Amino acid sequence: MGTAVSFQNVRKTFGALCAIDDISLEIEEGEFFGLLGPNGAGKTTLISCLAGLARADSGDISVMGFDVVRDYRETRRRLGVVPQELVFDPFFTVRETLRIQSGYFGVRKNDAWINELLENLDLSQKADVNLRSLSGGMKRRVLIAQALVHKPQVIVLDEPTAGVDVELRQILWQFIRRLNREGHTVILTTHYLEEAESLCERIAMLNHGRIVALDTTRNLLSENANRMLSMRLKNGNLLPETLRGRAVLDKGAWVFRLNTLEDIEPLLAAVRESAQVFEELQLVQTDLEDVFVRVMHANEGSGEGNPKRGLE
Amino acid sequence: MSGFRALLHKEILRFWKVGFQTVAAPVLTSLLYLLIFSSVLDTQTRINGVRYMSFMIPGLIMMSVLQNAFANSSSSLIQSKVTGSVIFVLLPPIGYVEFFTAYMTAAALRGVMVGIGVFIVTCGFSPLEFAAPAWILVFFVVGGALMGAFGIVAGIWADKFDQLAGFQNFLVMPLTMLSGVFYSIHSLPLFWQKVSHFNPVFYMIDGFRYGFFGVSDAAPELSLAVGLASLFVVASIALLMLRSGYKLRV
C-alpha cells in the first residue's frame, strides 16, 4: 500500500492569522483516518488546501502521488469531498444534480452507480424531487452522494454528521465502512469523538494549526490510559481502613485510579477481607474524549506564547 | 473537455428551468418598448432611410441579447457564490478555460434565444430586410459572447447581490440604452456622437443593424473589430481571474 495523501510542511495564513502552521502528515491508502480538533484548529483549511478550494502559502500536498496544484485534474478526480456546509443548487432534482456532478468528473452513463448511491443513502424515493423541497438530513445525503458520484479513491468527510439524526449516521457509516473495506481511503473530521473512536484506525489531533497528537487510535487510548474502578459498598459505604486515602468519593461512589488492570485484584481482596459487601462495582475505561481533552489541555499550556491563532 | 460539456449543460438547464423569467420576461419587455416608443413617436420618421419602427427592432433584439447574456453568467455566479453551491464546480477537475467557455457559451445562448424571441414577437409590426444576414449571425455571437464574458467578470468580482445590481444598473444599462437602440447617433450633438464611439455596445448594435438594412453609422468591419477587441480584453480579464482563483479559491 502506498501513500494516499501527503502533506509536507504545509502552511496557510489569512492575513495575520496562521490557519495551518507547518503541517506534515501522510495518510496511507485504504486507511480510515480521523482529523480532530476544536473549532478553529485548521481542519477545514487543511481539507480546503487538499481539495484546491484554498491554496497553501508553502509546502506540498499530493493525492495518490499527484501534486494538488500542478496535477490538479488528477488529484481532484481521485478526491471526493463532503463539505461541512449544507449547500445545494436549488434548480435541480436529486438525480439531475448527481448526473451533472458525474459529468463534471468526466463520468458518463453513470446511472447504475447513481442508483446504487441513491439506494444506499435511502434517497431512491426522492430521486426526482427538487433539492429545495428536501429536509436538511436529505440534503446532507445528497451532498454525500455528490462526493461519491465519481467513485473517488480518497473520500474526505468534513463533519458529515453534524446535526443529523441517528438513522442517517448509521446509514452513512455502514456505507462508508463498506467503501473503506473495498479499498477507498477515508479522511474524517468530526466533533463526535465516539464516531472517530469506533471508525478511525489512526487519528491526528490539530490545535492552532499544528498537529498535537498523531497515532493509531489504539495507541492514543492506551498511552493516555485512565482506567478507574468505581465502587459503592453496602452498610454505610464504609471503605476498609487499608484503602482509605487511595480513593476519592465521587457522587457517592469510591473511585480508584488504576495504573494497570492488575491493580484491581488487591482492591477487591481488601474489601472482601474487611467483610464488606459490594452494592455496585464499575470499571471506567478511557475514551477518546478523555484523550482529546487531555491532549488539548496540555497543548493549550505550551501554545500560550503563540499570538497567531488558527482559524477554520 | 468533459467538464465543459457538463458545465454548459448545467448552465443551459439552469436558465431553461426558469425560462419564464429568463427568456419570456425580457421578450415581453422589448415588445413593450417597441409598442410604447413607436406609438409615441412619429411612425413616419425615417432614420438612415429606414422606418423608425423597423430601425428600432434590430436595436431592441441586440439590446436583449447583450443584457441577457450579461445577466445569465453574472447571476449564475453570484447566486452560487452566495449560496455556497459554487463548491460543486470548484471541486471537480474543470480547467479555467473550460469554466470560462462554458459560462460564456451558455450566456451567449440565452442572449441569442431572447433575441430570437424578440425578433419573433416584433417582426410583424414593421417590415424588416435581411441585407447581409451573415453580419446578423456574427454580431449575435460576438455580442452574446462579449457580454457573457463581462458577466463572468462581474459575477466573480461581486460579493453581494447589490454590488452586481450596481454593475447592471450603472454600467450595463446605460451602455446599452445609450448605444443607439432608439436613435441614430448622427442625430446627437457632435460631442455625444464622439462619446458614443467609445461605447463598444454602440458598435454591436450598429453592426447588427447593418445586417438587416445594409446601412449603419459605422462600417460593420470596424464594429466587428471593436467587438472582437473588447471581447479579447474582457475574456482575458475573466481568464486571469479564473486562473488565479480570484475570489473563488482563497
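Residues numbered from 1 in each chain as written. Chains lettered and ligands numbered in written order. Predicted model: local features only at pLDDT ≥ 70, side-chain atom pairs only at ≥ 80, totals over all residues. Heavy atoms only, no water.

When you go through chain B residue by residue, the secondary structure sums to ten helices and two strands. Counting from the amino terminus, helix and strand elements in chain B follow one another as α-α-β-β-α-α-α-α-α-α-α-α. Here chain B has a C-alpha radius of gyration of 18 Å; the compact-globule value for 250 residues is 18 Å, and the two agree. Seen along its three principal axes, the alpha-carbon backbone of chain B occupies a region of about 60 × 35 × 35 Å. Buried positions account for 56% of the 250 residues belonging to chain B. A total of about 10,300 Å² of accessible surface is found on chain B, and carbon and sulfur atoms cover 73% of it. (Helix = DSSP H or I, 4+ residues; strand = E, 2+ residues; numbered from the N terminus. Rg over C-alpha atoms; globule rule 2.2 N^0.38 Å. Buried < 20%, exposed > 50% of the residue type's maximum accessible area, 1.4 Å probe, protein only. Areas by Shrake-Rupley, 256 points an atom, 1.4 Å probe, with all protein chains shown as cover.)

This part is about the nonpolar core. The biggest cluster of nonpolar side chains holds 160 residues, and the ones touching the most others in it are Phe7(A), Leu50(A), Val154(A), Ile176(A), Met205(A), Leu288(A) and Ile152(B). The biggest single contributor to this core is helix α3 (residues 52-83) of chain B, with 15 residues. Not counting residues up to four positions away in its chain, the partners in contact with Phe7(A) are Ile23(A), Ser24(A), Leu25(A), Leu46(A), Leu50(A), Asp60(A) and Ile61(A). Core analysis: the next-biggest nonpolar cluster, separate from the first, contains 14 residues, Leu233(A), Ala247(A), Trp254(A) and Leu258(A) among them. (Core = buried A, V, L, I, M, F, W, Y, C linked by side-chain atoms within 4.5 Å. Contact = heavy atoms within 4.5 Å.)

Attention now moves to the pattern of salt bridges. All names here are of chain A. Across all of its chains, the model carries 17 salt bridges over all chains by this definition. Residues glutamate 74 and arginine 78 are paired through a salt bridge, measuring 2.9 Å at the closest nitrogen-oxygen approach. Of the two residues, glutamate 74 and arginine 78 are both situated in helix α2 (residues 72-78); the distance of four residues between them amounts to about one turn of the helix. What makes arginine 78 buried here is its relative accessible area of 19%. A salt bridge links glutamate 116 to arginine 178; its shortest N-O distance comes to 2.9 Å. Linking glutamate 116 in helix α4 (residues 111-120) with arginine 178 in helix α6 (residues 166-181), this pair joins segments that are 62 residues apart in sequence. With relative accessibility at 22%, the residue arginine 178 sits in the partly exposed group. The network of salt bridges with common partners includes Arg11, Asp21 and Arg210. (Salt bridge = Lys/Arg side-chain N within 4 Å of Asp/Glu carboxyl O.)

A few words now on the sheet that holds strand β2 (residues 17-28) of chain A. Residues and elements named next belong to chain A. Spatially, β2-β1-β4-β5 is the arrangement adopted by the four strands of the open sheet, whose pairing is antiparallel. For this open sheet the edge positions go to β2 and β5 (66-67), each flanked by a neighbour on one side alone. Bridge count between strand β4 (residues 58-63) and β5: two bridges; the pairing is antiparallel. When the bridges of β5 are listed, serine 62 appears paired with aspartate 67. With respect to the sheet, helix α1 (residues 43-51) is in contact with β1 (3-14), β2 and β4, its orientation differing from that of β1 by roughly 115°. (Pairing = 2+ DSSP bridges. Axes fitted to C-alpha atoms, helices over the stretch in contact; angles between N-to-C directions.)

Our focus in this paragraph is a nonpolar patch on the surface. A surface patch of nonpolar side chains, amounting to about 630 Å² of accessible area, comprises Leu28(B), Leu32(B), Leu35(B), Ile36(B), Val40(B), Leu41(B) and Phe125(B). Mapped onto the fold, Phe125(B) is located in the loop between α5 (96-122) and α6 (133-157). (Patch = residues over 30% accessible without salt bridge, like charges linked within 9 Å, V, L, I, M, F, W, Y side chains within 5 Å.)

The subject of this paragraph is helix α5 (residues 136-148) of chain A. Look at α5(A): 19 Å from first C-alpha to last across 13 residues, which is about the 18 Å you get at 1.5 Å a residue. When you tally the buried positions in α5(A), you get eleven out of 13 residues, the bulk of the element. Buried residues along α5(A) sit in contact with β6 (79-82), α3 (94-104), α4, β7 (154-158) and α6 of chain A together with α4 (87-90) of chain B. (Expected span 1.5 Å × (residues − 1).)

On inspection of all chains with the given rule, the structure shows 18 aromatic pairs over all chains. Ring geometry for Phe119(B) against Phe130(B): centres 6.0 Å apart, planes inclined by 65°, an arrangement best described as edge-to-face. Of this pair, Phe119(B) sits in helix α5 while Phe130(B) sits in the loop between α5 and α6; the two residues are eleven residues apart in sequence, bridging distant segments of the chain. Look at Phe130(B) and you get partly exposed, because its relative accessible area is 46%. An aromatic cluster of at least three residues, connected via ring pairs, comprises Phe119(B), Phe130(B), Phe140(B), Phe208(B), Phe212(B) and Phe213(B). The residue whose ring lies beneath Lys139(A) is Phe88(A), and the NZ or CZ to ring-centre distance is 4.6 Å. (Phe/Tyr/Trp six-rings, centres within 6.5 Å; stacked < 30°, edge-to-face > 60°. Lys NZ or Arg CZ within 6 Å of the ring centre and 35° of its normal.)

The subject of this paragraph is the packing of α5(B) against helix α10 (residues 220-244) of chain B. All names here are of chain B. Running from N to C, α5 and α10 cross one another at 130°; their axes reach a closest spacing of 9 Å. The orientation of α5 with respect to α10, classified from their angle, is oblique. Taken as a pair, α5 and α10 cross one another with a handedness that is right-handed. The segment α5 lies against α10, with Tyr96, Val97, Phe99, Phe100 and Met104 engaging Leu231, Ala235, Ala238, Leu239, Leu242 and Arg243. The residue inventory of the contact of α5 with α10, partitioned by class, reads ten nonpolar, no polar and one charged. (Parallel < 35°, antiparallel > 145°, perpendicular 65-115°, else oblique. Left-handed = near helix turned anticlockwise from the far one by under 90°. Nonpolar A, V, L, I, M, F, W, Y, C, P; charged D, E, K, R; others polar.)

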